[in-house]
Structures are given as C-alpha cells and as structure tokens.
There are 4 protein chains.
Amino acid sequence: MGMVGGGPGAFIGEVHRKAARMDGGIELVAGAFDAIPRRSKQMGREQYIDPRRAYPDYETMIEKELKLPEDKRIDFVSITVPNNWHFPMAKAFLGAGFHVMCEKPMTMDVKEALALEKIVRERRRVFGLLHTYTGYPMVKLARDMVRQGDLGKVLKIVVQYPQGWLIRPIEREGHLQASWRTDPKQSGAAGSMGDIGTHAWHLAEYVSGLAVRQLCADLTTFVKGRRLDDDGNCLLRFTKGAKGILHASQVSIGEENDLAIWVYGEQASLEWHQEHPNYLYVNRIDAPQEVWKRGNNYVAEKSPAAGRATRLPSGHPEAFLEAFANHYCNFADTIRAKMARRKADPLFLDFPGVADGVRGMKFIAAAVKSSGKGATWVKM
Amino acid sequence: MGMVGGGPGAFIGEVHRKAARMDGGIELVAGAFDAIPRRSKQMGREQYIDPRRAYPDYETMIEKELKLPEDKRIDFVSITVPNNWHFPMAKAFLGAGFHVMCEKPMTMDVKEALALEKIVRERRRVFGLLHTYTGYPMVKLARDMVRQGDLGKVLKIVVQYPQGWLIRPIEREGHLQASWRTDPKQSGAAGSMGDIGTHAWHLAEYVSGLAVRQLCADLTTFVKGRRLDDDGNCLLRFTKGAKGILHASQVSIGEENDLAIWVYGEQASLEWHQEHPNYLYVNRIDAPQEVWKRGNNYVAEKSPAAGRATRLPSGHPEAFLEAFANHYCNFADTIRAKMARRKADPLFLDFPGVADGVRGMKFIAAAVKSSGKGATWVKM
Amino acid sequence: MGMVGGGPGAFIGEVHRKAARMDGGIELVAGAFDAIPRRSKQMGREQYIDPRRAYPDYETMIEKELKLPEDKRIDFVSITVPNNWHFPMAKAFLGAGFHVMCEKPMTMDVKEALALEKIVRERRRVFGLLHTYTGYPMVKLARDMVRQGDLGKVLKIVVQYPQGWLIRPIEREGHLQASWRTDPKQSGAAGSMGDIGTHAWHLAEYVSGLAVRQLCADLTTFVKGRRLDDDGNCLLRFTKGAKGILHASQVSIGEENDLAIWVYGEQASLEWHQEHPNYLYVNRIDAPQEVWKRGNNYVAEKSPAAGRATRLPSGHPEAFLEAFANHYCNFADTIRAKMARRKADPLFLDFPGVADGVRGMKFIAAAVKSSGKGATWVKM
Amino acid sequence: MGMVGGGPGAFIGEVHRKAARMDGGIELVAGAFDAIPRRSKQMGREQYIDPRRAYPDYETMIEKELKLPEDKRIDFVSITVPNNWHFPMAKAFLGAGFHVMCEKPMTMDVKEALALEKIVRERRRVFGLLHTYTGYPMVKLARDMVRQGDLGKVLKIVVQYPQGWLIRPIEREGHLQASWRTDPKQSGAAGSMGDIGTHAWHLAEYVSGLAVRQLCADLTTFVKGRRLDDDGNCLLRFTKGAKGILHASQVSIGEENDLAIWVYGEQASLEWHQEHPNYLYVNRIDAPQEVWKRGNNYVAEKSPAAGRATRLPSGHPEAFLEAFANHYCNFADTIRAKMARRKADPLFLDFPGVADGVRGMKFIAAAVKSSGKGATWVKM
C-alpha cells in the first residue's frame, strides 16, 4: 500500500493508515504524504517506511515505484487529499497500473467522474471509494434485510447527516479541514452536500437498493462570507415509487456526526444511527420492536456480510475505524483474488466503487442545480 | 363544561373528559355525546350527569342550556367530533354566548376558519383549540429558551410526526377512527397533513416564534384506494431566513406517535420528543449536552410557564394527559378571569386559540396546493 | 371517597385526588384534610365539597359520616398522612365499616401490621395499599410474562430505587416532606428503606412471584445529623434459589426516581424503568432484544391486566398518575363488586393489600436488624 | 513485540495484535502462539513474521530471542494465555530482561501475585496488565473529575458487569473460551468474579481513587455441573467511608458486556457504560444533567489523559479496540522512555500494572473467602 496525502496534521490520512493496518494484511510501504517534500519525508519516518519511498510528489512516486521489481512495488495507492486532486491522481495511478482506493467525493464534477469510470473499466483496475458508513456491519444487515424482502416494498426513506462544527467561520481562522472544505476550488460545487450529503445519499441507496430518480434541494449558506452551502434540505423521489427526505448540515450545534437512516416498507421498517452503530432497530406490524445487536449469531446468520465485517463478540463495541477497515479488507481481498486470477467472492466486492462515485457526483450536481433554480425538481 | 361528541367508542372525547377532570376545577354537567340519542343518554349515565342534560343533539343542547339559570348552565363546551362538524357547532355555541374548546384541525377549510375567527372576535368569547403537544411543560421551556435568546437567531427547524397505524386499509375494515379520518367529507382536504402534520407545524411555530412563509410539500397516498394522503414531506421557509423540514406519516411501521422537534440556532440548539416528554436536550457550542428534566427548580426558574404546567416532582413522569389538561387549565383560568372581569394573567393565555386555527388551515391548504402542483413552492 | 390528609402544601394527597378523579368513577365528598381545622376547611372549599363534610379530625369524620344515610356516606377513605398515623386511622375507619386505601409503608412496625391484617380480615373490608409502581401496565405485563413461564426459572433479580433529593439536610430547612420522612417518630425505623426501599422490594416480589427469604443490608446515614438511613444496599436470597440485589438511596445526586428492575431467568430476562414506564425490554437466548411498548394489541393479548390498565393508544405516553389511578380503579371495582355481592373479577383484585403491607413491614424490620448487626444475614 | 498465546481460534490474542498494531508504533516480530508447534508456525505465517521467530514454546522463544542482537530482539512480550500460565511465563520473560504485557487476572492466587510484584520490582522491567476498560478516554475523564474534586467526597459506588453467554453449559459442548474459563485449574479460584468481577472492581478503584476495604460476596453457580461461580453479588466498603455494590454475572440473558459504573459524591455524580463508551453523564445539584461526549475540546481540557487517549473527532465513535490500544500506547511509551533513559511522562504511566494485579488477586481471594463463609464480611 502506498498513500498520497496524510501528511503531518491531516485528519483522514491517518484514519486510512489505522484502518488499513488493523487486520495485519496490508502494509504501508510508500507515500507522497505532503505537498512539501520535507514534510512527506517526516511522515515517512514516522511511519517507519524506507526513506527512499517517501516521495516528494505523486508523479515521482509513480515513476519510482514502477522501477521497483513487481513484487516489491505497491499494489495499490490510497488517495487522501482534497477533492480537486482526486481525479488527476487516480487517473495517473490507474494509468500506471495501480489499484486505487480514493476518498470521496470522487471528483470535482460529473464529467471527471465519467472519465474516471472509463479509465477504471479500460485499465481493469480495482477502484475503491471510501464511503465509510456502508462498511458498518449493521448497515450491511439492514441492506440484506431489505434484499431478503423483510420490509416488503419500500415506501419511504429518511436520511440525515447533521454536524455542527462549522457554525463559526473557522475557515478564516486557519482551521485546515474547514478551509479546503469550504473552498469551491478544492471541494467542488457543494459544501455540506458534497462533504456529508453524499454519504447520506450513498447510505440511502445502499440500504434500500433503490435509486434517487428526482430531487428538490434547498441549500443554504448560513455563515456569512462562506463560499459553499453549509446546510441542505432535500425531498427525494426514488425508483419504484418510494419517497424520501435527505438533510445535512454543518451548522447544527450539538450535532456531531449523527448520520442516521429510517427505511419504511409495507411489512416492516428499520432504523440505524452511526453514533450508535452496533444496533439496528427493526419494527414489524403489531409486534415488539426488535433491537438487533452486532456480534450475535443471529446477525451473522441473517447477513453473512455483517458477520464477515465483525471482529469482536457482542457487547464489545466496534466503531468507525472498524467500518473503515472493512472496506479496506474487501478491497484488498478483491485485489488478492485478481492477483491470484481467482474470481472474487461476492462478499469481497461489497465496497463502494467507481459507479458509486459517478452517482455521487450526479447527486451533488442535481442538488446544486435544483437549489440554484429556487429548489425545484430536477432529475438525477 | 358541556361536551359534543365523545360517545361510546370514541377516542378523543374520553381524553378530554379525563384531562378536564384531572385538576378538580372543571365538572362535566351536560352533553350531546352521540348522533344517536340513545347512545348520548347512555354516555350521560356513565358520566353521572343529570339525565335531562344528556341531549340528543347540539341544537337541543344549546336551546335547553340557555333556559337554565346562568349559574347553572355550562360555561363552555368541548367539541370533540369529526372535523366537518367543528365549524357549525362552534359557530352555534359561540353565537349562543358559550366559550368553546375545539378539537383540531379547526375547520374544513380556510374560509370557515376566517369566518370562525370573525365570530370569536365579535362575540368576545374564549376559544381554545386542542393542539395537545404545546401543553407539555418542556415544550413551554423550549419556547421560553428561544424567546430569551438562548439559541440566538434560529437557523433551521426539523419537525416530524411519524405514525404507522394506517399501514393497512383499516378504514375499510370498520375501524372508526380510521374511517372518518380518511374521508375527505369528514376530515377535509388533507389526511396525514391535517390530522398530524398540523400538530408538527404548530409545534414548530410555537417553539421557534417564527412563521412558515413558504412551503413545498410532496404528499403521497401509499395505501391503495385511500382517499387522502397518508404521508407527506415538506420543505419549509420561515420568517427571518430560517429553513426547515416537516414530515408526517401514518404508514411508517413501528412509529407510534413520535412527534419530535429540533431547533438549531446560532448560539445553541434544542431537541424534544413527545414520546419522552419529560426531557429537553440543549446543546451549546463546545460544551457538554444539557438534559433538562421536568419537575426541577431550574426548569421553573427558567420558564414559569413550564413550572405552572407541572404537577409532579422530578422523576415522577408526566405525560399526554397532563399536557392535555394544561390547555384546559389555562383555558378555564382565562374564562374565570373573564367572568370575574379580571385581566387574565399572561400565563393563562398560553393555550392555542382561533388564530392558531386559522394558520393551521392555511398550512393545510398550502400543503395540498403545493403537492397538487407537483410539489412546488407556495406561500402560506 | 373521603380523605384523611392532603391538606394545603401536602404532596401525595393531591396525587391521590387526581388519580381517583381521573376516570370519573370516584368522587371526593368528605375529608379531614389537615390537623389544623381551618386548613381542612380551606381544602374542602378548594375541592368543592360540602363544607359540612370538611372535618376538623378523623374521629369527627367517622362519627359524622356514620350518621349520614348509607347511600350518602363515603364508601371508603384514603389515608394520606405520615406513617405513624396509618395504623390508628386505618383501624378506626375499618372498625367503623369503611373500606380503606392507605399510603405505604403500612404501619410503624410489624406488630401494628399484623394487628391491622387481623382487623381487615375480621371486618371483611377492602384494604388497598398504595405501592404505586405495580400499577404500571408494563409491570403487570412483566409479572404475567414470568407467570406464563417466558423466563423459565428465575435466577437473579436486581432492583434499585435511587433518588437524590435528600443530599442536603433540607429537613432542617423547613422542607415539609423531608422533615417527617427523616423523623423516626413519624416515619418508623427506616428512612430510605422505608420510604422507597419498600417500593423496590414490592416490585421485585410482584414481578417475580418469589419471596425474599433472607437479606443482608448495609444501611448508611450519609448526611450528618440525619436520624434515619438515607442509603441502603442489600443482598437478597429469594425462595426457589434466586439471588438478588436491592439498593435504594436518597442521596444519589442526579437520580430522580429511577426505580428499575432486571429479572433474569433460565430462558429469558426482562428490564423495566419507572422513568420510562411505557417500555418493557425482553431478552431471549440468541435473539434480538424485544422492546414491548404500551398500548399495543400484542401487549393486551399477552397480559389482560396490562390491557385493562391502559387508557391511551401506543405512542401517547402514560405515566405516574395513571399507574396510581389503576390501583384506584381496581380497588373501587372490588368495592363495587362487594357492594353488589358479586365475586370480584380476578383482574380487579390486582392491587396491593394488607398482606403486602405485612410483608413490607417485615422487609423494613429485617433490613434494619441486619444493618444493626453489621450487615449480616437475617431471615425475613 | 512478541506474543505468547493467540494461536488459531483464540479470541484475546488477536485483539492484542489489532490493538498493538493500530497506531503503527508497535510491530509483532516473534511469538509462541500455540501449544502445538505446527499451529504456532501457522499463526506466524498469517502474521507475516519471520518463520524462525514463530517458536514452538515460550522457553525456546526466550532462549532464541536472547541470542539475537539487542536491537533485533523483542522489547516486550504479550502474554495472552489462560490464567494458570501467566505467572510462570511472566516470571521467565521478566527474568530474561523483557518487559511484559499480561492478560488479567494476573495470576492464580495472591501468593503468585506477590511473588510477581517482587520480580517486577527487582528486575526493573515495565509490566502492564490488560484491564481494558480503564483505557477508555471517558473513564479517564471520570477519574480526573473525581481527582479534581468535582464530585466532592465520594459516598457511593455502584459497579456492574453482567454478561449472559454462559447461561448454557457450553463448556461441555467444546466451546474453547468457556471451557478454560470454567476450569479452576486454568482459571483460578473464581469464575465470574475472576473473569469479569475483577474488571468491575478495577474500574471502581480507578475512577474513585478509593480502595475496597471490606466486602461481603454472595457467589452462585447457577448452571448445574459448572465448577466455578457464574454469578456474584457483593456489598463493598471503601476507604473514607464510601459504600458500594458490585455485581457480575455470566448467566444474565440479554446482557452482553454491560460493564457500567455510577459514582455518587457530595457535590456531583457520574455514570458510564462500556457499551456506549463515548459518553459520560455528569449530574450536579439542581442543574441539568450534562452529557460529556468524547472528542470535544472541553473533554481534553478537563482531562489531558482523555485527550491523549482520543484518535477521532467527536461523533466518530471509538470503541473497545481503541481502549485496548490506549494501554498499549502508554505501555510502549513508558518502555521507550526507559530505553531512552528519560523519565516517563506521568500520562504514559496511566496503564494498569503489577500493583493492580496484586490487588485484583486480593479482591478475588476475598470474594471467594466471603462467599465460602456464607457471604460474611472479610477484609481485602
């Protein structure tokens, strides 16, 4: 594994490293960690990697890695930089034959996304997109319940992703995470909708198996001087007649990361909260509510994908890093199968990829377009 | 107190009686409880009232009560019948000089609502509208926190009222509550939006002190053959730039009566759930979440209205009936003040009235109109 | 219904009135509300009762009521005064032929309790004891689950009743409730164990159907100068080999009234919290947790007693007053059956009576004895 | 890092590996993973370690590692085998000059514990004991609140550790974890009290800063044929007059791993639950409850130890593995300081060590002794 980004002070790069390292099957051996070569070197040292493989930039990294014998060079790269760099970097690594794990949102716009999809297909590389939250075992259980028909026809989906950390204009106070995320040149056309709204959208489609067909989005920039939306409310219309609501915010004081979903069907409903990820609430008609708890036999029996995504016994909580690591496990097992010229177990393929990235970019584009027209309905 | 409706098998009439009775200051002495005179008599007996005052219909009730000496006749009537009867009955009782406590939604349409408002004003009678949920002490505390500026400028409001009891077409299986509520002739232009969406709307305006200015509503009838919407999702725009979401449903399996509200301001936010009504969650920037618990000194000090609406010490939960009774207390104390020619204490006036009813009907009309146009923005 | 106690400023007397009044079948018509005759009169006026029946003391009340025609006099009296008055008053009213509803703990000691039991039996009067919490429908459901064998053999019971209101010596600051409750002459041999520990004990025996056989109690008076225990921890041994823990406190800051019980059996377990009384948690081996919610059909089908104790549909929370009122309903229906010379429906008899009172006094005596010997095991 | 135990199918060994690996500063390079040499080799391969360093037994491991140059050999060993092996292995590794991280309970009895303490002191090695739960940041915050006087004098502590996984005699059905844990020869004198009661005891002393002085324990073996207790209830008396309750169970159906603690002081109280580890509930007199949430600035400001033990921003939950890893971090940083002949930062020293192990064994011995005498008070 190599890494682009994740230099000193970065947030998500270190999360990638912890998650990739957790299960012992992935080793970080190279990286272009920072735009400043000295800082890239520094991180290389901190990560105990060969100093020669702490590169000053990603172009050099590709060039030098390609010169290594095949069994020494990295198998894949993780791209953990601001959004504007995702496309050129992914393109370059894929072009050079490396598999790619990429942060979301995948690109800056739909055009880039489609181009990337084409490259992935042509180069036959494995491409992973880090929509963390579908890595949680109870989310996989939820999806499998819908798939197995427990809910009957899905009628309504409510999905939310409220945060409050941007209630003040901290991007003007030198806050690193805030500054690139509120900069359209680095972040893209949307703020809250791009950074977290896409996670909510992805969760809704993943769990329900439905696709958003139309949406009506009312985006707002509440903090004066901010250049991108920091709040958004959307009405959704899904395939097969389901309706929905999606809302996301970065200015909701007290909310930390309360991504949550409710799916209501004709036979049953379910509810899941990211901040309490080990529980899935299931309701059936005229029956007590069921609280499914991660780590139990009955979960693994209902959902082998949830079982596979579980490391600890019930009552020993698992959380964000494990969800993250689950995507890495499946991504890596898919690569291993490819390298061994085996067909990948369908369970391995359960991680977000380039198709999710294309749809995610369409979601962002549709939301921005709808809001720009005064919150009218647009197709996605 | 007299009552129209609340015959054998009715739901809300008995709730009115329990609530009115709770504090000992109101006595039920007359009623036209049922459209079938024999059943009205029966309920009169069950309520231990003078058989001569169990009337066959509301016209007779008015006629006969007026013939009683003033100190014997009822002071007010509670109207607890399907919506189509609210207007003619309220009009008649107000016209005869009685104060009126009325179930919501107030009338069948905006026109009736405005006519009723005119009558109330002209006859100078006390008119109460049973939006139960603003009777909860912690809702009053929430309103007072907003009023006192704890939240700063309000940015966003999310309010929901999901239920699941109409997931099956029980109106076609003889279910009394379901059948009139899904019948446009008895219920009005909206189903879920009229029955429960109005509660959610009322809660949002009551707590925030803001008014919905525009809305975009996507109403759906999920159960085949049903004649009114059983689900609705709305985007809201409030005065002073606040944005919002309101959703209500009668087909969300597992949801019982989870009216809930989140109000996010520039300085703080708050959250309240009707199913756990004794708690108000308050969040401030970079500080632990505060859980305010009903019955404590600190609640009454912050909100005298909440203090007045409290009967039991902390930890001894209060619930729906007490909220209901709080409106009756304030309504009755306002009548008492009027009868004593005293000015009512502002705390007494804290119950929903005819103005709320007019706005409620405008909310319903706007939601239906918006949805009819494909979910476009309409003014309210 | 008549009442002794419940004068101006009293807490529990007004709770009795609200609860008795709630369902419309009980009317307060007489009382000796306060040791000060003028204040008794005042409360009589506030309760709209005939001034001649607001008596200066309970002896006069008995004397005068007996002179009324049988169909005019009270059927029963509610005794809502400090503990030291329970026995003499109950004895007098029972002796005069009245049924009695009495506050707990029933008497000052076991001797009085046994004497009272004898009187109740001899006079064949209906005697109710207000252990409020077994009036909750979900507690009745819990008991019925145990009875029906859902849990299998019961192994372990944990029951707690923590409060925090006596953390400061408010009995020395004129706090009415605190002062008599911490006075051995008015309260009896125990403080926290008598006031709330008995509720916890009663709940454990009611739900489990088992009896405490032995206990080991470590009582403490944490607030200096207080004359009775304000905290107690007990180990319990039940009949049929079950073990248990009971703890109660009046000095646990932040705890309001968190009476809660966990019953673990060989096949299943259950959990209930008084502060969230509408939910019962049920766990079975290798299955999702079940949350049973009050007001649903499946509850009433499992437990007719819970169904009968329910007034509102699911999601419309019920609380303390309703639990209180449930005991009054059953008590009153039992009296009505007796007056009609009918056999009372077994469901009517589901309220605590004199036998519970005797065992409650034995529990207090055992706890005090055990603690006095350094927390050693004593039989109960 | 080297490891003893953690062979194929073992539970806790893999947890040690994941936790040690998480932060990138510790590398597993050697091990005697299994009593069967072939299986030890197999695990070595799975862990990508040099095949020569996958040893057949711990004696060989010590011998061979000592022959490696000092900068190549392991710095410390993790002992993750059944309890009966802790003492001889720890003794051997310490004797050979290695630092040791050991599973709990530390030894088989107090005598061994004292002997081990002597060795640690004499050999001046770093010794860590894996009481996982004090690695949670919110537990560190709790301890620091008590230390800083927020609670005032501590009055009462309730601590519990209920589980339900041993409700059936799975030790007789080939369940690996169950079989050694219920075998006195491998587990020691206590079952539930040794395996989980010690965690509860440790948590209580860690958070409160008090020591258990006396206890009265009622241990039970509920499952027929089981050789050790599977349930225990204890009354506690702490230094400085605090009282307490500790209970643990392996036969409480529905309980998974609900270690939880309540500490009540004269000024405030706090509550923490292992299954929801990111939250600490704090109550002060007549004030709203405070919910402190991990990852916020206000937590790190109050408790630098909690801040240091935090990897992810608020709302991104952390859980069991991170708590585990926190002990490894502090343990490793202490070793690094020692190797660099620097004084360890006091924050590094915040992990359980040999003194905790000695007290833990005394706790087990006292509980077993007390219960054996019929649950009487014994000194600890």
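Residues numbered from 1 in each chain as written. Chains lettered and ligands numbered in written order. Predicted model: local features only at pLDDT ≥ 70, side-chain atom pairs only at ≥ 80, totals over all residues.

**Thoughts on the relation of the copies chain C and chain A**
Applying a rotation about an axis and a shift along it to one chain copy brings it onto the other copy. Filter applied, for reference: When the copies are superposed, the least-squares fit takes in the C-alpha atoms of residues with a pLDDT of at least 70 in both.
Once chain C is rotated about the relating axis by 180° and shifted along it by 0.0 Å, it coincides with chain A to within an RMSD of 0.0 Å. Expressed as a symmetry operation, the mapping of one chain copy onto the other fits a two-fold axis. Looking at the rotation axis and the C-alpha trace of chain C, the residue lying nearest is E290(C), at 2.4 Å.

**Here we look at the pairing of strand β12 (residues 279-284) of chain C**
All names here are of chain C. In plain terms, the rule: Strands qualify as paired when DSSP identifies two bridges or more between them. For the purposes of this entry, the term helix denotes a DSSP run of H or I that reaches at least four residues, the term strand denotes a run of E that reaches at least two, and both are numbered from the N terminus.
One ladder, built from four bridges, connects strand β11 (residues 268-273) with β12; its direction is antiparallel. Residue pairing in the sheet places E271 in a bridge with Y281 of β12. Linking β11 back to β12 in an antiparallel pair, the connection comprises five residues. Pairing geometry for β12 and strand β13 (residues 289-293), over four bridges, is antiparallel. Following the sheet pairing, Y281 is matched in β13 by V291. Two successive antiparallel strands, β12 and β13, enclose a turn made up of four residues, where D286 displays a positive phi of approximately 45°.

**A look at unusual backbone geometry**
Glycine aside, residues mostly have negative phi, and peptide bonds are mostly found in the trans state. A cis amide bond links K104(A) to the next residue, P105(A), at an omega of -15°. Its identity is not glycine, yet K240(B) carries a phi of approximately 65°, on the positive side. Here K240(B) lies in the loop between β8 (231-238) and β9 (243-249). Its identity as a non-glycine residue notwithstanding, D286(B) has a phi of 45°, on the positive side. Inspection of the secondary structure puts D286(B) in the loop between β12 (279-284) and β13 (289-293).

**Side note on the relation of the copies chain A and chain B**
Worth spelling out the cut-off: Note on contacts: each residue gets a C-beta atom placed from the backbone, and two residues are in contact if those atoms are within 7 Å.
Each copy of the sequence occupies a distinct position, and chain A is placed on chain B by a rotation of 180° and an axial shift of 0.0 Å, giving an RMSD of 0.0 Å. A symmetric contact is evident, with 100% of the interface residues of chain A recurring at the interface of chain B.

**What about the sheet that holds strand β1 (residues 2-5) of chain D?**
All names here are of chain D. In plain terms, the rule: Lines are fitted to the C-alpha atoms to define the axes, a helix being fitted only along its stretch in contact, and any angle between axes, read from their N-to-C directions, falls within 0 to 180 degrees.
The strand order across the open sheet formed by five strands is β2-β1-β3-β4-β5, and the pairing between neighbours is parallel. Every interior strand has two partners, whereas the edge strands, β2 (30-32) and β5 (127-129), have only one. Along the sheet, successive strands turn relative to each other by an average axial angle of 15°, direction set aside.

**Considering the domain arrangement of chain A**
Residues and elements named next belong to chain A. The line we're drawing: Segmentation into domains, and thus their bounds, comes from an automatic or database assignment. In this classification, the charged set is Asp, Glu, Lys and Arg, the nonpolar set is Ala, Val, Leu, Ile, Met, Phe, Trp, Tyr, Cys and Pro, and all remaining amino acids, among them Gly, are polar.
Assigned domains of chain A: these are domain 1 (2-130) and domain 2 (134-313 + 358-372). Taking only C-alpha atoms into account, the centre of domain 1 sits 26 Å from that of domain 2. Taken together, the contacts link 15 residues of domain 1 with 16 residues of domain 2. Here the side of domain 1 that touches domain 2 is composed, by residue class, of eight nonpolar, four polar and three charged.

**Overview of the interface of chain C and chain A**
Listed by partner, the interface residues are 11 residues for chain C and 11 residues for chain A. Elements represented by at least two residues in the side of chain C that touches chain A include exactly β13 and α10 (297-302) of chain C. With five residues, the single largest contributor to the side of chain C that touches chain A is β13(C). Among the residues forming the side of chain C that touches chain A, the class breakdown is five nonpolar, three polar and three charged. Bridge analysis of strand β13 (residues 289-293) of chain A against β13(C) gives three bridges, and the strand direction is antiparallel. Looking at the pairing, Q289(A) lines up with V291(C) of β13(C).

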